[in-house]
Amino acid sequence: EYKPIKIMLLAGGDLVQSFAAPDVWATADLHHIIGKYGCLILERTGSDVYEFLLSHDVLYKHRRNVFVIKQLIYNDISSTKIRQVP
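Residues numbered from 1 in each chain as written. Predicted model: local features only at pLDDT ≥ 70, side-chain atom pairs only at ≥ 80, totals over all residues. Heavy atoms only, no water.

**Some points on the side chain of His56**
On the secondary structure map, His56 appears in the loop between helix H3 (49-55) and helix H4 (57-61). Apart from the residues within four sequence positions on either side, His56 is in contact with Phe19, Ala20 and Leu30. (Helix = DSSP H or I, 4+ residues; strand = E, 2+ residues; numbered from the N terminus. Contact = heavy atoms within 4.5 Å.)

So, in structure tokens, the structure goes:
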């Protein structure tokens, strides 16, 4: 039996904010990834995901394909922090 699956970008709120940083993400790539596949954003302490969603052109355009997972408990662990451990 086959069940349909949906592949999406899973990103923390801190990573999503890098969408606005110059020379990090190509706008065309963001349109392709978010427009075609979608994005699950994990809320992070210290980042206002909803404000960023409203202010970022690509995320706002594809807002029906963007889902925010609310942070229910304090969690400041990120993949960036894990990669920085010596």
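**Considering a nonpolar patch on the surface**
A surface patch of nonpolar side chains, about 340 Å² in accessible area, is lined by Ile5, Ile7 and Tyr37. With respect to the secondary-structure elements, Ile5 resides in the segment before strand E1 (9-12). Looking at Ile5, the relative accessible area reads 72%, which means it is exposed. (Patch = residues over 30% accessible without salt bridge, like charges linked within 9 Å, V, L, I, M, F, W, Y side chains within 5 Å. Areas by Shrake-Rupley, 256 points an atom, 1.4 Å probe, with all protein chains shown as cover. Salt bridge = Lys/Arg side-chain N within 4 Å of Asp/Glu carboxyl O. Buried < 20%, exposed > 50% of the residue type's maximum accessible area, 1.4 Å probe, protein only.)

**Here's the deal with unusual backbone geometry**
Despite not being glycine, Asp23 shows a phi value in the positive range, around 65°. Note on placement: Asp23 falls in the loop between helix H1 (13-16) and helix H2 (27-37).

**Considering the nonpolar core**
Residues Val16, Phe19, Ile34, Ile41, Leu53, Leu59 and Val66 are the most contacted members of the largest nonpolar core, which totals 13 residues. Among the elements of the structure, H2, strand E2 (39-42), H3 and H4 are those that each provide at least two residues to this core. (Core = buried A, V, L, I, M, F, W, Y, C linked by side-chain atoms within 4.5 Å.)

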